[in-house]
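Residue-level structure breakdown
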Amino acid sequence: MTYTIDETDGVLVFTLNRPERRNAINTELMEGFKEVIEYVHNSNSVRFLVITGAGEKAFCSGGDLAEFHSLKTEQQAFGMLSKMAEILYEWATLPVPTIALINGAAVGGGCEIATACDFRVVAREAKCGFIQGTLAITSGWGGATYLFERGLRHDRALKMLIDAQVYDSGQLEEVGWATKVYDGDREVALAQFIEYMRTINPGVHKAYKEIEIRKWAEKDLKKRVMEEVSQCSKLWELEAHHEAVNRFLKK
Ligand SMILES: CC[C@H](C(=O)O)C(=O)SCCNC(=O)CCNC(=O)[C@H](O)C(C)(C)COP(=O)(O)OP(=O)(O)OC[C@H]1O[C@@H](n2cnc3c(N)ncnc32)[C@H](O)[C@@H]1OP(=O)(O)O
């Protein structure tokens, strides 16, 4: 199974389970996101939603370059990108706190997924970055739009995007992208992170999330996400992108 979904004591953990591909997102994993979103909406017990990656090397390496390399045209790219962008918008607007438990590399779309979460709890040795620029594209699942919503200083957010490099945990904490950096066991780090939040009535969590969600609705966030998708789709079609992906796949 390319993913697992486990609920324990109100904490729902969605684990990307393709460690041999550094937990790259393929079509099957997109369905996993949709299953989790439906689970949360239908649940009276889930209080926190956590996403993490199987193994110790990666949280998520973004889109599956082998699977998505077959997408050549702007229209073909838009079909995949918009599907995941819609999923991430539903994820970002869930009525429970969402936590990216970043156990390893979060790059490209993996960094976008983490940025769409409310919190980013990052392993000391993890490196994360919006590396799409090295593939001659921009973020394509809404990650840049969410980044500009996360309260980082504009210059720091923009530099993360146009550096297109991976940042270490110290840098991620310094720019304000990492909520917390942890050492050792990820389960212990998660338990410590939610220790106080879990003493608070879940109705309070939901009400505070609704304030942000209302602001995003008033500011046409979803429209802006889809404009980001369209921009990425245009760049996707260009030869520079396909050549860059070929170089990776022939490594
Ligand atoms: C809008 C989102 C956007 C999109 O999908 O359009 C993107 O996400 S674009 C960015 C796509 N992602 C990448 O370019 C990252 C590529 N991967 C890496 O940079 C590294 O694999 C890294 C840093 C995640 C981990 O490095 P490490 O040295 O630990 O592992 P390897 O590179 O040796 O990879 C092991 C194994 O996994 C395969 N792999 C890794 N990432 C992907 C991926 N994104 N898609 C498909 N396959 C991936 C890699 O090819 C290796 O396979 P093997 O058969 O063992 O050679």
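Calculation notes
Residues numbered from 1 in each chain as written. Predicted model: local features only at pLDDT ≥ 70, side-chain atom pairs only at ≥ 80, totals over all residues. Heavy atoms only, no water. Salt bridge = Lys/Arg side-chain N within 4 Å of Asp/Glu carboxyl O. Helix = DSSP H or I, 4+ residues; strand = E, 2+ residues; numbered from the N terminus. Buried < 20%, exposed > 50% of the residue type's maximum accessible area, 1.4 Å probe, protein only. Phe/Tyr/Trp six-rings, centres within 6.5 Å; stacked < 30°, edge-to-face > 60°. Disulfide = S-S within 2.5 Å. Pairing = 2+ DSSP bridges. Axes fitted to C-alpha atoms, helices over the stretch in contact; angles between N-to-C directions. Contact = heavy atoms within 4.5 Å.

What about the pattern of salt bridges?
- Counting across every chain of the model gives 16 salt bridges.
- A salt bridge links Arg186 to Glu56; the nearest nitrogen and oxygen atoms lie 3.4 Å apart. Taken together, the positions of Arg186 in helix α8 (residues 186-193) and Glu56 in the loop between β3 (48-53) and β4 (58-60) put the pair 130 residues apart, joining distant regions of the chain.
- Relative accessible area serves as the criterion here: at 60%, Glu56 is assigned to the exposed category.
- The shortest N-O distance in the salt bridge between Lys215 and Glu149 comes to 3.4 Å. Residue Lys215 is located in helix α9 (residues 202-218), and its partner Glu149 is located in the loop between α5 (143-147) and α6 (154-163); the two are separated by 66 residues in the primary sequence.
- The buried category is assigned to Glu149, whose relative accessible area is 11%.
- Where salt bridges share partners, they join Glu149, Glu212, Lys215, Lys219 and Arg224 into one cluster.

A word on the packing of aromatic side chains
- If you walk through the whole model with that rule in mind, you get 6 aromatic pairs.
- For the ring pair Phe14 and Phe33, a centre distance of 4.9 Å and an interplane angle of 80 degrees mean the geometry is edge-to-face. Taken together, the positions of Phe14 in strand β2 (residues 11-16) and Phe33 in helix α1 (residues 27-42) put the pair 19 residues apart, joining distant regions of the chain.
- For Phe14, a relative accessible area of 0% puts it in the buried group.
- Judged by its relative accessible area of 0%, Phe33 is buried.

Points about the state of the cysteines
- Under the defined criterion, the tally for this structure stands at 0 disulfides.
- Between Cys60, a cysteine without a disulfide, and Cys111, which holds the nearest cysteine sulfur, the sulfur-to-sulfur distance is 10.0 Å.
- Lacking any disulfide linkage, Cys128 is separated from the closest cysteine sulfur, that of Cys111, by 5.6 Å.
- With relative accessibility at 0%, the residue Cys128 sits in the buried group.

Quick notes on the sheet that holds strand β7 (residues 119-123)
- Spatially, 6 strands are ordered β1-β2-β3-β5-β7-β10 in an open sheet, and the strand pairing comes out mixed. The sheet is open, and its two borders are formed by β1 (3-8) and β10 (180-182), each paired with just one other strand. Sheet twist, expressed as the mean angle between neighbouring strand axes with direction ignored, is 20 degrees.
- Where β1 lies against β2, 6 bridges are found, and the strand directions are antiparallel. Paired with Asp6 across the two strands is Val13, which belongs to β2.
- Most of the contacts of α8 go to strand β5 (residues 98-102), to which it runs at about 150 degrees, and overall it touches β2, β3, β5, β7 and β10.

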